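# Summary of structural features
Residue strings, one per chain:
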Amino acid sequence: MKKIIDPWFTVTPIGEKTFAISEFGHWEKVHSFLLIGEKEAALIDTGLGIDNIKRITDQVTDLPIRVVTTHVHWDHIGSHGEFDSVYVHKEEEDWLVNGIKKLPIEQIRHDVSRDITKPTPASFQPETYTPFQGQPTGLLDDGDVIELGNRKLVIYHTPGHSPGHISILDKSSGYLFTGDLLYDETPVYAFFPTTDPVQLVQSLEKIANLKNVTKIYGSHNTIGLEPSLLDEVKKAVQELKRQDVIKFGTGIHTFNGFSVQF
């Protein structure tokens, strides 16, 4: 495939028929991921909505695309409205239909418009920016398998950052897509009213025990973390329990390769 040059998105091939679509011009440094099977493609999240991610996916594949939502936060559902097939965990169907709970639109508009380092399209108007709302095509649950044609994606319910957060394991490659459950450089957040520190730690423990992971792809910051990070996660979980700090207000806890904030 020819290299895609785009004014807003950066496209990085990360494996066989797998691409990271990044928005490095925004402070969130958010990544969406396109996974291509023989019959269908999956797009894990659709980014900020500052620009239209479908412009990129149209250049990469002609296959039908199923959007698989890691969680319903504004920076992951920005271009959901551009796709006909959208899936979300059942715990966040209401958020997708009726709006993100306990997050004022003024805060969202402030966050989407700050610390931008690339020119934005004329269509982006921060003062009227509104996160996608709509009925999902289907609902996901823990243990579900999405079959793309010679490529199976296993869904793991990993709440804590949000009630219906999921992580996704691509069985064919061993790639684990962790959304906002695990990434590096900045803290994983569990200090909002709609977060749950106890559930977050349980979810970290859950993914840390998965087998045959070859690479970890979080939705922010560095693209691709080594699976050895899961060993550090196991140690961190035990340390957090030992210190009895898995509760709101205990601040940032830093470990080897990642951090969490309660």
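In the block above lies the structure referred to throughout.
The sections below set out a description of the structure shown in this document. (Residues numbered from 1 in each chain as written. Predicted model: local features only at pLDDT ≥ 70, side-chain atom pairs only at ≥ 80, totals over all residues. Heavy atoms only, no water.)

Right, let's talk about the packing of helix H4 (residues 197-208) against helix H5 (residues 229-243) for a bit. Here H4 crosses H5 at 145°, and the two axes come no closer than 9 Å. In this structure, the crossing between H4 and H5 has a hand that is left-handed. Side by side, H4 and H5 meet where Val201, Leu204, Glu205, Ile207 and Ala208 of the first sit next to Leu230, Val233, Lys234, Val237, Gln238, Leu240 and Lys241 of the second. Of the residues that constitute the contact of H4 with H5, the class distribution is eight nonpolar, one polar and three charged. (Axes fitted to C-alpha atoms, helices over the stretch in contact; angles between N-to-C directions. Helix = DSSP H or I, 4+ residues; strand = E, 2+ residues; numbered from the N terminus. Left-handed = near helix turned anticlockwise from the far one by under 90°. Contact = heavy atoms within 4.5 Å. Nonpolar A, V, L, I, M, F, W, Y, C, P; charged D, E, K, R; others polar.)

Here a ring pair, both rings aromatic, is described through the centre-centre distance and the interplanar angle of the planes. All told, the structure shown has 11 aromatic pairs when counted by the stated rule. Look at tryptophan 74 and tyrosine 129: their rings are 6.4 Å apart centre to centre, the planes differ by 85°, and that puts the pair in the edge-to-face class. With tryptophan 74 in the loop between strand E5 (65-68) and strand E6 (85-89) and tyrosine 129 in the loop between helix H3 (105-113) and strand E7 (138-140), the pair connects residues that are 55 residues apart, well separated along the chain. By relative accessible area, tryptophan 74 is classed as buried at 6%. Three or more aromatic residues link up through ring pairs in this structure, and these residues are Phe33, Tyr175, Phe177 and Tyr217. Between the NZ or CZ atom of arginine 66 and the centre of the ring of tyrosine 87, over which it lies, the distance is 4.7 Å. Positioned above the aromatic ring of tryptophan 27, the side-chain terminus of arginine 114 is 3.7 Å from the ring centre. (Phe/Tyr/Trp six-rings, centres within 6.5 Å; stacked < 30°, edge-to-face > 60°. Buried < 20%, exposed > 50% of the residue type's maximum accessible area, 1.4 Å probe, protein only. Lys NZ or Arg CZ within 6 Å of the ring centre and 35° of its normal.)

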